[in-house]
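Each chain is listed here by its residues.
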Amino acid sequence: MNVIQGNINTFLDDIRVIIDSARSNAVRSVDFCRVQMYWQMGKRIFEEEQQGKDRADYGSYLIKNLAKYLQPEYGSGFSYRQLAFCRQFYRLYPIVNALRSQLNWTQYRMLIQIPDKDKREYYELETVNNCWTAREMERQINSQLYERLLLSNDKESVLAVARKERIPQSPLEIIKEPMYLEFLGLERQPAYYEKDLESAIITHLQHFMLELGQGFTFVARQKRILLEDDEFFADLVFYNRLLRCFVVIELKTGKLTHQDLGQLQMYVNYYDRMEKLPEENSTIGILLCTSKNDTAVRMALPEDNKTILASEYQLYLPTQAQLIDEINSVRKMVEESRNFKNEEDEQ
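Residues numbered from 1 in each chain as written. Predicted model: local features only at pLDDT ≥ 70, side-chain atom pairs only at ≥ 80, totals over all residues. Heavy atoms only, no water.

Caption draft 1: Seen up close, the overall build of the protein. Within the protein, the regular secondary structure consists of 13 helices and six strands. Within the span of the protein, comprising 347 residues, buried residues form 40% of the whole. In the protein, of all internal contacts separated by at least 6 residues, the share reaching a separation of at least 24 is 64%. Carbon and sulfur atoms make up 50% of the accessible area of the protein, which totals about 20,200 Å². (Helix = DSSP H or I, 4+ residues; strand = E, 2+ residues; numbered from the N terminus. Buried < 20%, exposed > 50% of the residue type's maximum accessible area, 1.4 Å probe, protein only. Contact = heavy atoms within 4.5 Å. Areas by Shrake-Rupley, 256 points an atom, 1.4 Å probe, with all protein chains shown as cover.)

Caption draft 2: How the structure looks around the packing of helix H6 (residues 134-142) against helix H10 (residues 205-212). Packing of H6 against H10 brings their axes to within 12 Å, and their N-to-C directions diverge by 45°. Relative to H10, the element H6 lies oblique. Helix-helix and strand crossings are classified by hand; for H6 and H10 the assignment is right-handed. Residue-level inspection shows Glu136, Arg139 and Gln140 of H6 in contact with H10, the latter providing Gln206, Leu210 and Glu211. (Axes fitted to C-alpha atoms, helices over the stretch in contact; angles between N-to-C directions. Parallel < 35°, antiparallel > 145°, perpendicular 65-115°, else oblique. Left-handed = near helix turned anticlockwise from the far one by under 90°.)

Caption draft 3: Quick peek at helix H5 (residues 117-130). Here H5 contains 14 residues, and its C-alpha end-to-end distance of 20 Å stays within 8% of the 20 Å for a straight helix at 1.5 Å per residue. Along H5, the residues that are buried comprise Lys119, Arg120, Tyr122, Tyr123, Glu124, Leu125, Glu126, Thr127 and Val128. Buried residues belonging to H5 abut helix H3 (80-92), helix H4 (105-111), H6, helix H7 (145-150) and helix H8 (155-162). Sitting at the head of H5, aspartate 116 places a side-chain oxygen 3.0 Å from the backbone nitrogen of aspartate 118. (Expected span 1.5 Å × (residues − 1). Polar contact = N/O pair within 3.5 Å; in protein donor to acceptor, adjacent residues only side chain to side chain.)

Caption draft 4: Spotlight on the sheet that holds strand S6 (residues 308-314). Read from one edge to the other, the open sheet built from six strands follows the order S1-S6-S5-S4-S3-S2, with strand pairing classed as mixed. If you trace the sheet from one side to the other, it starts and ends with strand S1 (179-180) and strand S2 (216-227), each paired once. Note: strand S5 (residues 284-289) against S6, five bridges, orientation parallel. Looking at S6, one finds that cysteine 289 is bridged to glutamate 312. Contacts from helix H9 (residues 194-203) reach S2, strand S3 (230-240), strand S4 (245-251) and S6 within the one sheet, and its direction differs from that of S2 by about 145°. (Pairing = 2+ DSSP bridges.)

Caption draft 5: Spatial organisation of the confidence of the model for the protein. Residues with a pLDDT of 70 or more make up 83% of the protein, whose mean pLDDT is 82. Taken element by element, the protein is modelled with least confidence in helix H13 (residues 320-346), mean pLDDT 60, and with most confidence in H4, mean pLDDT 96. (pLDDT = per-residue confidence, 0-100.)

Caption draft 6: Local environment of the nonpolar core. Within the largest apolar cluster, 40 residues are counted, with the highest numbers of intra-cluster contacts made by Phe89, Leu99, Tyr108, Leu111, Tyr122 and Tyr123. Of all the secondary structure elements, the ones that give two or more residues to this core are helix H1 (2-49), helix H2 (55-74), H3, H4, H5, H6, H7 and H8. Take this core: its biggest share by element is six residues, from H1. Listed in part, the 27 residues of the second largest apolar core include Ile175, Leu197, Phe216 and Leu315. (Core = buried A, V, L, I, M, F, W, Y, C linked by side-chain atoms within 4.5 Å.)

Caption draft 7: View of the pairing of S4. The element S4 is extensively covered by neighbouring structure, given that seven of its seven residues are classed as buried. Looking at chain direction, S3 and S4 are connected through five bridges and run antiparallel. Of the residues in S4, the one forming a bridge with tyrosine 239 is phenylalanine 246. Hairpin connection from S3 to S4: four residues lie between these consecutive antiparallel strands, with arginine 244 at a positive phi of about 55°. Sheet analysis places S4 next to S5, joined by five bridges and oriented parallel. Residue pairing across strands places valine 247 opposite isoleucine 284, the latter belonging to S5. Note on the crossover from S4 through helix H11 (residues 258-275) to S5: the handedness is right-handed. (Right-handed = clockwise from strand over helix to strand, strands pointing away.)

Here's what the structure looks like:
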């Protein structure tokens, strides 16, 4: 009886997969038909616009009049603003065969509002590579993922990884500084416990891994490490398939101390010596904290350190102005750190 029931359950699961897959494909097909429709409309509007003597004035007049007829008949999807997006869409993506079926119109509409060509290409590629939803894509744009990665990488390297022309060689190519954890939904309060932060991360693990970057898979929470008669517990352990290494994350709800770095170094050493396979790369340790002294971090770690990273996190997405100030501040610290390293090398 159990065997028969098991066969029925397997059969039922197979049928469900077929139905869900067909429905998903149908939705994607409809979405892409919509993308193609707006592209065709943009092309036709652009061609008609070129016949006007004063293209800017004529184009605006043309779209306003077109919206006046189409919107009452077909709805808000054909407003003046939407038709203007169609024209811009065609101008930025003039080759119809280059349109990506994995992207819907909402995503393309966000892309065409990015004036920087390289930045636009980055988000287009990463959305396809990581199967981001429109909401996930919007969140990454609003948190200035591209700019944060550029703080520790050059533009060519960032785009090469997105184009899959190269595999990341360093954790700095993936890990972002700072990290934004607004999705945890923690209330504003003077203090909270590390276990609260950890529990919130586990609850929102998918979002946390999205913020971490590419290639992460979850391994363990509160990983028990027994050294003789002493027990230690590493907060979170992941594995990164691109870097081919374990990633140990320690959470701190206060300012980073050199004792925190020492503890994380011990966990990294343990994984390197007890868990890592010979063909895998060295374990990476990430200490997430609310604030840190960069000079103290640099002095507490070896000069050739490439595996221990300290990254600040914020529980709320800042405004655009605050983001720009934060990025400029971090960029300045990075430049000062590089200048300091160059001066040491010259000496």
